[in-house]
Amino acid sequence: MSLSPPEVSGRLWAIAAITGSGAFMAMLDSTIANLALETIRSDLDAPLSGVQWVATGYLIALAVSLPLTGWLGRRFGSGRLWAGSVLVFLLASILCAVSHDLPLLIASRCLQGLAAGLMVPAGQAVLAATADRRQLGRLMGVVGFAVALGPALGPAFGGALIDTTSWRWLFLINVPVGVAALIGARSQVPSGERFPQARIDTRGLVLIGLGLPLLLYGAAEMGSGHISILSAACSALGAILSVLFVVHAMRVGEPLIDVGLLMRTRFAAPVATAGLTGAAMYGGLLLLPIFLQRSLGQSPTEAGFMLLAMGLGSAFVLPVAGTWTDRFGPKRVSLAGGALLTLTTVPFLSSAPLVFGAVTVLLVARGAGLALAQMPAIAAAYGEVDKTETGDAATLINVAQRIGGAVGAIAVVAVIEQVGRSTPGSAYEVAFGMLVVVSACALFSATHIAASKQE
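J.: Explanation requested: the overall build of the chain in the structure shown.
T.: Scanning the chain from N- to C-terminus turns up 18 helices and zero strands. By the compact-globule yardstick of 23 Å for 455 residues, the chain fits well, its C-alpha radius of gyration being 21 Å. Its C-alpha atoms give the chain principal-axis dimensions of about 55 × 55 × 45 Å. Here the chain, with 455 residues, has 54% of them falling under the buried criterion. Taken as a whole, the chain presents about 18500 Å² of accessible surface, with 68% of it coming from carbon and sulfur. For the chain, the distance from the average site of its 26 positive side-chain charges to the average site of its 22 negative ones is 7 Å.

Written as structure tokens, this is what we have:
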């Protein structure tokens, strides 16, 4: 019989809550501004093609800074990096709120994205470097709750703010949250160990600094249905540069990101699981609204509430998943989540119509399956590295999730576009079948996660 996991101290809970608040702001801002694009266009008298960069610029900037997390964490300490990125995020939020023209708003959103790309993995690295491995499940569950709750609440909360106040309050709401986080961090969040002599891998930075944003930009364009020569070329060039970065990083002594961690099966398996569940999640977030509106005749508002139900299913299961992970080990919980994710996707393959209540139950359960599959895998990955490697581990985990999400979105669009042209009736069945396969692959990769952190 395994020993009970150690109790989590009040300070560790405080660190999880504080760093989780930063993740909440970053994820909330990834979705909340999308609803305001038309309002911003009208208020600033700008073309919609330009206003679109308020959303796109944030996501691309986030991808630009993400690869720097490991090196900056070593250079300045993960805690200092997290606090600095929160401060920059707050200043950028204020600039967004007071922007009087579109160029300033886009520049401020890009600055927000740069800070967010550092803030989320740096916060995870702080937790992983501070806590015992047998406490990571519960602590990551708290952070995961914040990460899942941000996108879930974003559309509904943003719509209410736009209707009652102004789009500028979409950014000002970050101020009290961020100020409270910084005040709490002064006494609770450790600064982290510094290595001032850490050198930056310039060639690696150029390769991944260009490759990852190009890949994610092309994927975002294709995922939103804008398939063109430009989006395909960006995706292809980004993929090539990213592969060249991996080859380069394996050959140099001090790479920007230690991709050699992926040579460890006990680390690679949970990272693969996190990436595959990311593909299942973002592929589903793209496919489900289209399916609910076109096939089931739901209104955009009804479809939005369905996605909110799925997000809340993830958010409220995550703390429970964290407790189970520390008690029973990440493998069992991730396997259960992968099985639930697969089983709740299978019913959408049926040509028989689904009633509203059944769809709601399925989506809540699907959200729970995503949480149970992904969060234990992330905790397991951090449990397999030394405390000095947490910065690189955080970068690799977040990159895997984003690439997985991009691939999932591209694949869903490709299926709908290509299959829909020849046999429109079967396009959704094929797309959901693909998500079932991805979910089953996540279930398979979870079988290679270490059974417990004490092994």
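Following the structure, the description resumes.
J.: Would you mind going over the packing of helix α15 (residues 330–345) against helix α18 (residues 427–446) with me for this structure?
T.: At a closest axis distance of 8 Å, the pairing of α15 and α18 adopts a crossing angle of 165°. It follows that α15 is roughly antiparallel to α18 by the angle criterion. The interaxial crossing formed by α15 with α18 has left-handed handedness. On the side of α15, the interface is formed by Lys331, Ser334, Leu335, Gly338, Ala339, Leu341, Thr342 and Thr345, while α18 contributes Phe432, Leu435, Val436, Ser439, Ala440, Leu443 and Ala446.

J.: Could you clarify how one ought to interpret the nonpolar core in this entry?
T.: If you look at the biggest cluster of nonpolar residues, it comprises 75 residues, and the most contacted ones within it are Trp82, Phe245, Phe267 and Tyr382. In this structure tyrosine 382 touches Gln124, Ala125, Ala128, Leu136, Met140, Thr390, Ala393, Ala394 and Ile397, once residues within four positions along its chain are discounted. Grouped together as the second largest cluster of nonpolar side chains are 21 residues, Val51, Leu102, Leu105 and Leu170 included.

J.: Can you walk me through the packing of aromatic side chains in this structure?
T.: The description of an aromatic ring pair rests on the distance of the ring centres and on the angle between the ring planes. Enumeration over the complete set of coordinates arrives at six aromatic pairs. With 5.9 Å between their ring centres and 15° between their planes, tryptophan 53 and tyrosine 217 make a pair best called stacked. Here tryptophan 53 is found in helix α4 (residues 53–65), whereas its partner tyrosine 217 is found in helix α11 (residues 202–223), with 164 residues between them in sequence. Given the relative accessible area of 37%, tryptophan 53 is considered partly exposed.

J.: What should I look at first to understand the state of the cysteines in this one?
T.: By definition, a disulfide is the covalent link that joins the sulfur atoms of two cysteine residues. Taken as a whole, this structure holds zero disulfides when the rule is applied. A disulfide-free cysteine, cysteine 110 has its sulfur positioned 9.2 Å from the sulfur of cysteine 96, the nearest such atom.

J.: Sorry if this is basic, but what is going on with unusual backbone geometry here?
T.: Excluding glycine, residues mostly carry a negative phi; peptide bonds, for their part, are mostly trans. Although it is not a glycine, aspartate 45 adopts a positive phi angle of roughly 55°. Examined against the element boundaries, aspartate 45 turns out to sit in the loop between α2 (37–44) and α3 (48–51).

J.: Would you mind showing me how to read α2 here?
T.: Given 3.6 residues per helical turn, the α-helix brings residues three or four places apart onto the same face. Taken residue by residue, α2 has Leu37, Ile40 and Leu44 as its buried positions. Here the buried residues of α2 occupy an arc of 60° about the axis, which is enough to place them on one side. Packed against the buried residues of α2 are α3, α4 and α7 (102–130).

Rules used in this analysis
Residues numbered from 1 in each chain as written. Predicted model: local features only at pLDDT ≥ 70, side-chain atom pairs only at ≥ 80, totals over all residues. Heavy atoms only, no water. Helix = DSSP H or I, 4+ residues; strand = E, 2+ residues; numbered from the N terminus. Rg over C-alpha atoms; globule rule 2.2 N^0.38 Å. Buried < 20%, exposed > 50% of the residue type's maximum accessible area, 1.4 Å probe, protein only. Areas by Shrake-Rupley, 256 points an atom, 1.4 Å probe, with all protein chains shown as cover. Lys, Arg positive; Asp, Glu negative; His and termini not counted. Charge placed at Lys NZ, Arg CZ, Asp CG, Glu CD. Axes fitted to C-alpha atoms, helices over the stretch in contact; angles between N-to-C directions. Parallel < 35°, antiparallel > 145°, perpendicular 65-115°, else oblique. Left-handed = near helix turned anticlockwise from the far one by under 90°. Contact = heavy atoms within 4.5 Å. Core = buried A, V, L, I, M, F, W, Y, C linked by side-chain atoms within 4.5 Å. Phe/Tyr/Trp six-rings, centres within 6.5 Å; stacked < 30°, edge-to-face > 60°. Disulfide = S-S within 2.5 Å. Arc of directions from axis to C-beta.

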